[in-house]
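# Notes for the structure review
Spelled out from the first residue to the last, the chains are:
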Amino acid sequence: MRVSIRRMAMNEEKLNSPMRQMPPKLRKAFRSKIVSLLLFLSGMGSAFSISSTEAALGTCGNGVVDKFEQCDDGNLNNGDGCSSLCQMEGDDFPVMVYTANDPPPTPALEELPLLTKITQHGITWTFASPVRVGRFVNGDYYVAGECTIVDIQPFPTKTNGRHGSVLNIQPNTQRSGFDSRIQAGRYDPSLRVYPPMKLTPGNKLISSRSAEGSNLPCVMRPNDTSESPVASISILTGVDAAQDLDAFRPSYAQGSTEIYLSRNLRRQLLPKLAPVQNVPPLSEFEGYFKRPWVDSVFFNFDVPAEYMASYGRENGYVMSFSSLLLTLNFPQEEKDPLLVYLTQYGIDLYGLVEQGHTGWQAHGGHGSGRKFPIVFAGVMLNEGKMKSVRVNFGEDMQTIWVSETLPAATYTRSWHTQPETVVYGGHVGINGESVNPGWGPYEHLAPSVWKNTLGESYRRCCTSVSWVGEALAARLIPEMQEAWNHPQFFEYVNRWMLSPDDPQDLETVRTATGMVIDVDFMQGQSWKILSGGGYHKPHRTFVDEMWAAYRNTPPPPPPGKAMLWIPLLLGE
Ligand SMILES: [Ca+2]
Ligand SMILES: [Ca+2]
């Protein structure tokens, strides 16, 4: 039997001498809750004003925000902004820091709000009868037990082709049911589901809201318009029981049911570096990742464009900025929302992989930015299968040793005046020549024999620049670089940032191919493309500043290891 703090509190209110009348087992549990609460309060100082005995018991509806409560409006009603579980209703759901030393109690099924309707980010689901509804740690909703959905708003119809809902994301269809305007033949109306419909445990209803009129501007690149006509996506997950308050949502991939807990995040691994001059606000990147990044159709044709990047290069940029923000010395409670949202994205992507998704392969800039979140989630949750993820990723397919080029044992150095041993893998990677002539590696050859400049163009416009922050963050966060397990990527980023273009080499390329390389596409920086796309915020140089400040900084040892030598110093 699960006994929550709140349930015990309610028992206590009915009894005059509660401790004496409780069974011994419950009394022990009760005391330990009191002790842990006192410990908690001693650490919190005056952050909360706690004035009554009731407050110390964590009673929802007593008008005091108790431990593990997000709000308390003095009642147990739902629909007034603060739920009967004392969690916030609506879209401003706070991400709380939960730890394994002091985990939150698991709510009982009957403690979950009983609702007939949920609205999230502009999408409303209505049920045939009241159902028990909970929220995952990131604020996404679940229904405990089977339910019938009788209405979805905005309303998807078979004829309007908008606001589509689908049941689970099928990993390898490369089709989408969200909006009939999705281009390149990727729209598949047979994937759409319509109310009334059942949602059963283990399944997820992924509901979209379409962009009205024309498509939206791109995330981090407002001068461009997103390819996707989809605006936003909300996910309703079916589960069979009440979930822990710190549960991540299982991946939206069809078949994924694994649930991770935020209490297990190894937050101590995140460095606490001093900020550089131009640090973007955490809120910008929280805003991008707060809602689900549904990321299974290649070329980003159906992404929720209000908040998700529309091109792999920008996926890489968003990941670079976000991951480096998490290496700075913000207080943990400020870092936690972005940490939780990024981990959720990694869980979502890994769910696709585990269900057979082949990855995000090299194709110009399209394949970037997906390995980082998976490996990051694996490192933070200490989940081996995520840490060692092995499918196609742009970063890895497009960075190779010269010695990997064909014919075998022929080339060891690049063509440059100062030869390189690590090179760009080409438009679609090392096997690119078998896909199309000129789509594979080329830097082992002199420009005079290049078949085209496609690879060199995309090397400079759309790939290398978005990898700089990812590579730096992976160097700074312990275990990340090892887990990534593709040293060519890190060496290639070093080359991009540390070897400026030799004017003689630029002239050789121009003479041989006619390609004139714009100053925005030069090696040694990562920010000019962003600026050219309209990302004119003062913090567009954040990644470059972080590189300059911390490229040569070894990752700090995990606290556990650091602690080991302190007693030695003191004792000897
Ligand atoms: Ca309360
Ligand atoms: Ca209420």
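Residues numbered from 1 in each chain as written. Chains lettered and ligands numbered in written order. Predicted model: local features only at pLDDT ≥ 70, side-chain atom pairs only at ≥ 80, totals over all residues.

Turning next to the overall build of the protein chain. Broken down by element type, the protein chain carries 17 helices and 15 strands. Classification of the 572 residues of the protein chain by burial places 47% in the buried group. Considering only residue pairs separated by 6 or more positions, the protein chain has 68% of its internal contacts joining residues 24 or more positions apart. (Helix = DSSP H or I, 4+ residues; strand = E, 2+ residues; numbered from the N terminus. Buried ≥ 20, exposed ≤ 12 C-beta atoms within 10 Å, placed from the backbone. Contact = placed C-beta atoms within 7 Å.)

Taken N-terminus to C-terminus, the directions of helix α6 (residues 312–325) and helix α16 (residues 542–550) make an angle of 50°; their axes are 10 Å apart at the nearest point. With respect to α16, the element α6 is oriented oblique. Read as a crossing pair, α6 and α16 show a hand that is left-handed. Touching S320, F321 and L324 of α6 are F542, V543 and M546, all from α16. Among the residues forming the contact of α6 with α16, the class breakdown is 5 nonpolar, 1 polar and no charged. (Axes fitted to C-alpha atoms, helices over the stretch in contact; angles between N-to-C directions. Parallel < 35°, antiparallel > 145°, perpendicular 65-115°, else oblique. Left-handed = near helix turned anticlockwise from the far one by under 90°. Nonpolar A, V, L, I, M, F, W, Y, C, P; charged D, E, K, R; others polar.)

A separate point is unusual backbone geometry. The general pattern is negative phi for most residues beyond glycine and trans for most peptide bonds. In this structure, the amide linkage connecting P195 to the following residue, P196, adopts the cis form with an omega of 0°. Within the fold, P196 resides in the loop between β6 (192–193) and β7 (197–199). Cis rather than trans, the peptide bond between L406 and P407 has omega equal to -5°. Secondary-structure assignment places P407 in the loop between β14 (399–401) and β15 (422–424). Of note in this structure, Q174 is not a glycine but carries a positive phi near 55°.

Its location among the elements puts Q361 in the loop between β12 (359–360) and α8 (371–381). For Q361, a count of 17 C-beta atoms within 10 Å corresponds to the partly exposed category. Residues Q361 and F393, spaced 32 residues apart in sequence, show a C-alpha to C-alpha distance of 4.8 Å. Apart from the residues within four sequence positions on either side, Q361 is in contact with G367, N392, G394, M397 and V428.

On to the nonpolar core. The tendency in soluble globular proteins is for nonpolar side chains to be buried side by side. Within the largest apolar cluster, 118 residues are counted, with the highest numbers of intra-cluster contacts made by V318, V375, V468, L472 and V493. When residues of this core are assigned to their parent elements, the largest contribution, 11 residues, is made by helix α7 (residues 332–354). Per-domain counts for this core show at least three residues from each of domain 1 (1–89) and domain 2 (274–398 + 454–559). The residues contacting L472, other than those within four sequence positions of it, are L324, M546, W547, Y550 and R551. Membership of the second largest hydrophobic core comes to 6 residues, among which are W360, F393, V428 and W439. (Core = buried A, V, L, I, M, F, W, Y, C linked by C-beta atoms within 7 Å. Domains from an automatic or database assignment.)

For the rest of this paragraph, the subject is the pairing of strand β10 (residues 221–225). Pairing of strand β9 (residues 217–218) with β10, which is carried by 2 bridges, proceeds in the antiparallel orientation. Looking at β10, one finds that P217 is bridged to T225. If you look at the hairpin formed by β9 and β10, you'll find 2 residues sitting between the two strands, and M220 has a positive phi there, around 65°. (Pairing = 2+ DSSP bridges.)

The next thing to look at is the pairing of strand β3 (residues 141–144). As judged from the 4 bridges shared by strand β2 (residues 123–135) and β3, these two strands associate in the antiparallel manner. Residue pairing in the sheet places R132 in a bridge with A144 of β3. Counting the residues that bridge the hairpin from β2 to β3 gives 5 residues, and of these G139 lies at a positive phi of roughly 100°. Relative to strand β11 (residues 230–239), β3 runs parallel, the two being bridged by 4 bridges. Looking at β11, one finds that V143 is bridged to G238.

Purely geometric stuff here, so don't read any function into it on its own.
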